[in-house]
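Listed here are the chains, written in short residue letters.
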Amino acid sequence: MITIKEYINNIGISKTSTQLKKDVQVNGAIQNKKLEEDKFEKNENKKIDKKKIIKIGAILTGALVIITAFLKRKQIMDFVSSLFNKKEKIPQKTPKIEPSEVKIEPSEIKIKSSEVKIGPDKVESVINDFPTPKFASKPTIQQRDEYVNELLKYMNSTPDTKLHLKALKEIEKYGIKDIDYITGWLSSPDESAIRETLKIYQKYAPNKKAYDVIEPIVIDDIKIKEDETFIEVLKTIQKLAHLENDDPNDREIILRPVRRLLDNKSEKVRKAAQETLDKLKG
């Protein structure tokens, strides 16, 4: 038979046990909730980490694409540039112009003495071979004109003064239809070319061209220095100048530079100048 004390003790133990069970259950529930919260937080952290990784990966991928595109663009530009450079380096072939291919017909081209003359200051495309006549010793007028045209073109294709003189000698030998084509050579820096041009004037120029041949002596600062050149100028004036019927002002155009030579340091030149004035009655 259980006493009241034992009964009370049993009730106390039962309550204590029940309370312990409740506490255990509560603690378990709290622990479980905390575990679930930790697990949720970890999952959330993992999600955030994954998002960061994906975002960083996307940024890196984009940067890589941009760098790759830049390098490819540079390669393309370098390739295109090299193509243009190669094109620029390709040597251009200059067509060879043969004298027979280009002809100047004196009858078609008229040059006045006041206009630009063919002369040593005009150098055109180079012609390699000196022209040779395509006829026997007595050419027709057409053959002569064709050959002289080739000589004139050749003279203006080379700076070689020896070849200028050679061509002028050929023109003196065969003649020239229009003397204006060689007027420019009266101001050549080579005095032998000036003298040869004057000889052509003496043989083939009309009288009115006397006003052309004073060119070497008409300027104040006379460039020619050799006695032979002065004398050849005066001989050509004597040959061409017929001033009897010319206006006095026109006569002075020729007589004035001749008078200046009366003060030349060379006795030969002074004598030739006086002879010229006597002949022209100036």
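Now for a look at the structure at hand.

Conventions we followed
- Residues numbered from 1 in each chain as written.
- Predicted model: local features only at pLDDT ≥ 70, side-chain atom pairs only at ≥ 80, totals over all residues.
- Heavy atoms only, no water.
- Helix = DSSP H or I, 4+ residues; strand = E, 2+ residues; numbered from the N terminus.
- Contact = heavy atoms within 4.5 Å.
- Areas by Shrake-Rupley, 256 points an atom, 1.4 Å probe, with all protein chains shown as cover.
- Axes fitted to C-alpha atoms, helices over the stretch in contact; angles between N-to-C directions.
- Parallel < 35°, antiparallel > 145°, perpendicular 65-115°, else oblique.
- Nonpolar A, V, L, I, M, F, W, Y, C, P; charged D, E, K, R; others polar.
- Buried < 20%, exposed > 50% of the residue type's maximum accessible area, 1.4 Å probe, protein only.
- Left-handed = near helix turned anticlockwise from the far one by under 90°.
- Core = buried A, V, L, I, M, F, W, Y, C linked by side-chain atoms within 4.5 Å.
- Expected span 1.5 Å × (residues − 1).
- Polar contact = N/O pair within 3.5 Å; in protein donor to acceptor, adjacent residues only side chain to side chain.
- Salt bridge = Lys/Arg side-chain N within 4 Å of Asp/Glu carboxyl O.

**Section: the overall build of the protein chain**
Here is step 1: In terms of helices and strands, the protein chain carries 9 helices and 0 strands.
Here is step 2: Ordered by position from N to C terminus, the α and β elements of the protein chain give α-α-α-α-α-α-α-α-α.
Here is step 3: In the protein chain, of all internal contacts separated by at least 6 residues, the share reaching a separation of at least 24 is 70%.
Here is step 4: Total accessible area on the protein chain stands at roughly 19,800 Å², and carbon and sulfur atoms take up 56% of it.

**Digging into the packing of helix H7 (residues 227–240) against helix H9 (residues 267–280)**
Here is step 1: It is at 9 Å that the axes of H7 and H9 come closest, and there the two elements cross at 5°. As far as their axial angle goes, H9 and H7 are roughly parallel. Here H7 contributes Asp227, Phe230, Ile231, Leu234, Ile237 and Gln238 to the contact with H9, which in turn contributes Lys268, Val269, Ala272, Ala273, Glu275, Thr276, Lys279 and Leu280.
Here is step 2: For the contact of H7 with H9, the class distribution of residues is 8 nonpolar, 2 polar and 4 charged.

**Digging into the side chain of Glu196**
Here is step 1: Mapping Glu196 onto the fold places it in helix H4 (residues 191–204).
Here is step 2: For Glu196, a relative accessible area of 2% corresponds to the buried category.
Here is step 3: Beyond its immediate sequence surroundings of up to four residues, Glu196 is in contact with Leu165, Leu168, Lys169 and Glu172.

**Here we look at the packing of helix H8 (residues 248–260) against H9**
How two helices pack is summed up by the angle between their axes together with the distance between the axes.
Here is step 1: The interhelical angle for the contact between H8 and H9, taken along N-to-C directions, is 155°, at an axis separation of 9 Å. As the angle between them shows, H8 and H9 are arranged roughly antiparallel. In the crossing of H8 with H9, the sense of the turn from one axis to the other is left-handed. On the side of H8, the interface is formed by Arg251, Ile254, Leu255, Val258 and Arg259, while H9 contributes Ala273, Thr276, Leu277 and Leu280.

**Thoughts on the nonpolar core**
Here is step 1: Residues Ile171, Ile182, Ile217 and Ile237 are the most contacted members of the largest nonpolar core, which totals 47 residues.
Here is step 2: Broken down by element, this core gets its largest block of residues, 6 residues, from helix H2 (residues 141–155).
Here is step 3: Apart from residues lying up to four places away in sequence, Ile237 is in contact with Val213, Ile214, Ile217, Ile254, Val258, Thr276 and Leu280.

**A few points about helix H3 (residues 161–174)**
Here is step 1: Spanning 14 residues, H3 covers 20 Å between terminal C-alpha atoms, matching the ideal 20 Å at 1.5 Å per step.
Here is step 2: Within the span of H3, buried status applies to His164, Ala167, Leu168, Glu170, Ile171, Glu172 and Tyr174.
Here is step 3: The N-cap of H3, judged by a side-chain oxygen 2.9 Å from the amide nitrogen of Lys162 a few residues on, is Asp160.
Here is step 4: Directly after H3, the chain includes Gly175, whose backbone phi takes a positive value near 95°.

**Overview of the pattern of salt bridges**
Here is step 1: Summed over the entire model, instances satisfying the criterion amount to 10 salt bridges.
Here is step 2: One salt bridge in this structure joins Lys235 and Glu232, with 3.8 Å as the shortest N-O distance. Of this pair, Lys235 and Glu232 both sit in helix H7, 3 residues apart, roughly one helical turn.
Here is step 3: The exposure class of Lys235 is partly exposed, given its relative accessible area of 42%.
Here is step 4: Classification of Glu232 as buried rests on a relative accessible area of 9%.
Here is step 5: Shared partners join several salt bridges into a network, and the residues in it are Asp180, Lys209 and Asp212.

By themselves, these figures tell us nothing about what the structure is for.
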